[in-house]
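Residues per chain, in single letters:
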There are 2 protein chains.
Amino acid sequence: MAHKLVVVVRTDLAMGKGKIAAQAAHAAVGAVLRNLGTPVLVDWLRDGQPKVVLRVSGEDQLGEVCAAAEAAGLPVEVIHDAGRTQVDPGTATCCAIGPALIADIDAVAGTLSLL
Amino acid sequence: MAHKLVVVVRTDLAMGKGKIAAQAAHAAVGAVLRNLGTPVLVDWLRDGQPKVVLRVSGEDQLGEVCAAAEAAGLPVEVIHDAGRTQVDPGTATCCAIGPALIADIDAVAGTLSLL
């Protein structure tokens, strides 16, 4: 299992668990669609498409992690909520990083805790 | 917005919110990959790929909803957890139904509450 996808979720938005699950699903689906046809997606699927959900304290930390991932050349998919429920329209709620090699993701997100 | 995808999650497994989010992401990604190239997937993406996360009380109710969805000809993706954390290996934790027309999904899952 050399590849994974992580979803990084803000904990400051008071989202319920169903809302968090929907946002994480948006992020993971976005990451998959964006990487269709790439070798790394095939490798990740072959590994059993492992997904790990991590937490950040707020918008600033989410932005820092996304910037670090982009700087490292990793696929990043930021989810902005439509804002029909629970959060303001356009709020960045979470991001997906990957699929990519575990070591490459851990280099930018390895210090984050599980949600 | 005529199409949606729902993820139906068991609430009896004492899964944490991060675990639930990962399972919902598995289900949504599975549903998308299984329906690649179908007109309904294109329609759903055009609608903004709406996702709704619903709850069932346990394995029996999950099975009933899945059976009803399959009988109605809807795409169903059941997620069985690898069991490395929190639940026993092979446990059915959730399912995705759709993407499909909202009315068709509501005919089999319309009475379920939001998670």
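The preceding data block contains the structure.
Keep in mind the model is a prediction, meaning the values are calculated, not measured.

Here is what the cut-offs are and how they apply
Residues numbered from 1 in each chain as written. Chains lettered and ligands numbered in written order. Predicted model: local features only at pLDDT ≥ 70, side-chain atom pairs only at ≥ 80, totals over all residues. Heavy atoms only, no water. Least-squares fit on C-alpha atoms with pLDDT ≥ 70 in both. Contact = heavy atoms within 4.5 Å. Pairing = 2+ DSSP bridges. Helix = DSSP H or I, 4+ residues; strand = E, 2+ residues; numbered from the N terminus. Axes fitted to C-alpha atoms, helices over the stretch in contact; angles between N-to-C directions.

> Outline the relation of the copies chain B and chain A, listing residues and values.
Of the transformation placing chain B onto chain A, the axial shift is 0.0 Å and the rotation is 180°, giving an RMSD of 0.0 Å. Here the transformation between the copies is reduced to the relation of a two-fold axis. Both copies present the same face, since 100% of the interface residues in chain B are matched by interface residues at the equivalent positions in chain A.

> Requested: an account of the sheet that holds strand β4 (residues 92–101) of chain A, with residues and values cited.
Residues and elements named next belong to chain A. The mixed open sheet is built from four strands, whose spatial order is β2-β1-β4-β3. Two strands in the sheet have a free side with no partner beyond their single neighbour: β2 (51–56) and β3 (76–80). Ignoring strand direction, the axes of neighbouring strands in this sheet form an average angle of 20°. With six bridges connecting them, strand β1 (residues 3–10) and β2 associate as parallel partners. Paired with Val-8 across the two strands is Leu-54, which belongs to β2. The strands that helix α3 (residues 59–71) touches are β1, β2, β3 and β4; relative to β4, the one it contacts most, it runs at about 25°. With respect to the sheet, helix α4 (residues 102–109) is in contact with β1, β2 and β4, its orientation differing from that of β4 by roughly 145°.

> Can you break down the environment of His-26 of chain A residue by residue, with the values?
Here His-26 of chain A is to be found in helix α1 (residues 17–34). Each residue touching His-26 of chain A, except ones within four places of it in the same chain, is listed here: Ile-79 of chain A together with Gln-49 and Lys-51 of chain B.

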